[in-house]
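# Per-entry structural report
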Amino acid sequence: MTMSVAERTELAAAVKDLLDEHCSEAHVRRIMVGDHGFDPDLWNRLAAQGVTGLIVDAEYGGVGLGAEELELVAEVTGAALLPAPFLSSAVFATALIQAAGTDDDRARLLPALADGSWIATVAATGPRGTWCPDAVAVQAVRDGDGHLLTGSAHYVLDGQIADVLLVIAAVDDGFGIFEITPQASGFERTAATVFDPTVRLSTFTFTQTPARRIGDAGWDAVEHALSWAVIALAGEQAGGARRIFDITVDYLKTRIQFGRQIGSFQALKHMAADLLLEVESATSAARHAAQRFATDPDDAAGAVALAGFACAEAYHTTAMQAIQMHGGIGFTWEHPAHLFLRRARTGRQLFGSSRDHRERYLVSKGA
């Protein structure tokens with residue numbers, strides 16, 4: 001289903017209203033020090049609004065929207081620093097199941113993901129964290145009607161709370177997508193030490209762990225799902241960059257020094273102007289990637305890669321400069337600028353670093 005611009009704007013506004021009420025800075029700080037790193041009640045509210053099933057096909061209980069709608073909603077979740085399994089479950093895992101699963105797989109898994117009753121995640125990269133075929137560190141060997149997994153996966157989003165665990169593993173003819181249960185023998189998940197407590201990561205280890213293969217697709221399906229994830233992450237980064245920029249501009253307008261608003265100082269004016277360019281460029285890159293992907297996913301690799309590094313770098317630059325422009329108060333843990341900086345730094349490595357995305361961009365251009 002494709003929405004008009006006005007309908008997309010209304011959708012984003014509705015999600016923003018929900019998060020304004022239930023995902024304030026105080027709420028984020030409360031959740032990020034909890035055991036699970038997300039609020040089940042807020043997750044259920046998002047599910048009722050259709051966010052958890054945003055890209056799930058309607059026949060499986062979802063809303064059936066596309067990349068442009070996803071990106072716009074992600075801008076809102078990024079601005080709110082939403083601590084929830086949105087990227088892992090509602091985007092990456094959902095997209096992978098739709099790309100790789102059989103009709104039976106989709107019917108079995110997607111309805112519960114769409115209504116938020118299950119949370120899913122994808123174990124896709126090894127310790128190198130490059131999110132490419134060479135980085136996969138899990139192997140699968142056939143065992144009767146199933147498979148056994150051996151190896152490890154790192155940087156697994158929301159791995160400690162996921163009910164549905166999807167694992168990318170090397171097989172004889174390439175790669176496969178496998179499903180395991182959290183209680184599977186030989187499986188261990190360990191919470192990783194994270195820089196940003198609003199984004200929880202895990203390490204998975206497999207020792208002859210029984211698994212069920214999802215469909216017969218290989219890395220092409222993983223790459224397709226990663227494109228969805230990069231677009232959503234780029235949207236979050238653009239939204240986060242704009243939010244911390246707005247917070248900073250408001251501060252420049254209200255902070256008085258030497259009898260003047262500090263925003264009237266020429267040096268700060270120039271810094272703010274440069275940051276506005278960063279924010280607008282990030283927003284354009286994220287929305288362009290979503291539009292290209294919605295029009296022709298097979299011809300969107302360059303646009304997605306561009307959004308992957310442009311939005312990550314713009315967010316990080318904006319968050320860093322925001323702290324500087326706030327002066328001493330910006331260096332205190334109590335100020336929200338630190339939360340945005342931590343999210344920005346974490347996002348620079350998720351689904352590939354800026355260097356990885358640049359290489360993919362060059363490949364897409366035949367360089």
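Residues numbered from 1 in each chain as written. Predicted model: local features only at pLDDT ≥ 70, side-chain atom pairs only at ≥ 80, totals over all residues. Heavy atoms only, no water.

Under an unreviewed UniProt entry, the protein has the name Acyl-CoA dehydrogenase family protein and belongs to [Mycobacterium] zoologicum. According to its UniProt record, the protein has this under Cofactor (unreviewed entry): "FAD". (UniProt positions renumbered as here; feature names shortened; annotations may be inferred.)

All right, on to the pattern of salt bridges then. Within the structure shown, the criterion is met by 17 salt bridges. Among the salt bridges present, the one from Lys16 reaches Asp20, with a minimum N-O distance of 2.8 Å. Taken together, the residues span about one helical turn, with Lys16 and Asp20 both in helix 1 (residues 5–22) at a distance of four residues. With a shortest N-O distance of 2.9 Å, Arg287 and Glu75 are connected by a salt bridge. Of the two residues, Arg287 sits in helix 8 (residues 266–295) while Glu75 sits in helix 4 (residues 67–79), which places them 212 residues apart along the sequence. Classification of Arg287 as partly exposed rests on a relative accessible area of 40%. Put simply, Asp105, Arg108, Glu179 and Arg212 are held in one network by salt bridges that share partners. (Salt bridge = Lys/Arg side-chain N within 4 Å of Asp/Glu carboxyl O. Helix = DSSP H or I, 4+ residues; strand = E, 2+ residues; numbered from the N terminus. Buried < 20%, exposed > 50% of the residue type's maximum accessible area, 1.4 Å probe, protein only.)

The next point concerns empty space enclosed by the protein. Applying the stated criterion across every chain, the model contains three cavities of 30 Å³ or more. Considering only enclosed or pocket space, the largest cavity measures out at about 170 Å³ in volume. Lining of the largest cavity is provided by 18 residues; of these, Ala84, Leu87, Thr198, Val199 and Arg343 occupy positions nearest its centre. Of all the secondary-structure elements, those providing two or more residues to the lining of the largest cavity are helix 5 (86–100), helix 7 (219–254) and helix 10 (337–347). (1 Å grid on protein atoms, 1.4 Å probe; cavity = no way out; pocket = protein on both sides within 12 Å on 5 of 7 lines; lining within 4 Å. Points joined across faces, edges and corners; volume = space filled by probe spheres on them.)

Of all 12 residues in strand 3 (residues 146–157), nine are buried; the element is thus mostly enclosed. Bridge count between strand 2 (residues 138–143) and strand 3: six bridges; the pairing is antiparallel. If you follow Ala140 over to strand 3, its bridge partner there is Leu149. Linking two consecutive strands that pair antiparallel, namely strand 2 and strand 3, is a turn of two residues; a positive phi of about 65° is found at Gly144 within it. (Pairing = 2+ DSSP bridges.)

Another point: the packing of aromatic side chains. What the rule picks out here adds up to nine aromatic pairs. The interplanar angle of 55° and the centroid separation of 6.4 Å between the aromatic rings of Phe92 and Trp131 together place this pair among those described as tilted. One end of the pair, Phe92, is in helix 5; the other, Trp131, is in the loop between strand 1 (120–123) and strand 2, with 39 residues separating them in the sequence. Across the pair, Trp131 and Phe92 agree in class, each one buried. Within the aromatic cluster, the residues linked to one another by ring pairs are Phe92, Trp131 and Phe351. One cation-aromatic arrangement involves Arg342 over Phe195; the distance from NZ or CZ to the ring centre is 4.7 Å. Positioned over the ring face of Phe309 is Arg358, at 4.4 Å from the centre of the ring. (Phe/Tyr/Trp six-rings, centres within 6.5 Å; stacked < 30°, edge-to-face > 60°. Lys NZ or Arg CZ within 6 Å of the ring centre and 35° of its normal.)

Our focus in this paragraph is the nonpolar core. Among soluble globular proteins, nonpolar side chains are generally buried collectively. With 123 residues, the main nonpolar core has Phe86, Leu149 and Phe351 as its most contacted residues. A per-element tally of this core places helix 7 first, with 18 residues. (Core = buried A, V, L, I, M, F, W, Y, C linked by side-chain atoms within 4.5 Å.)

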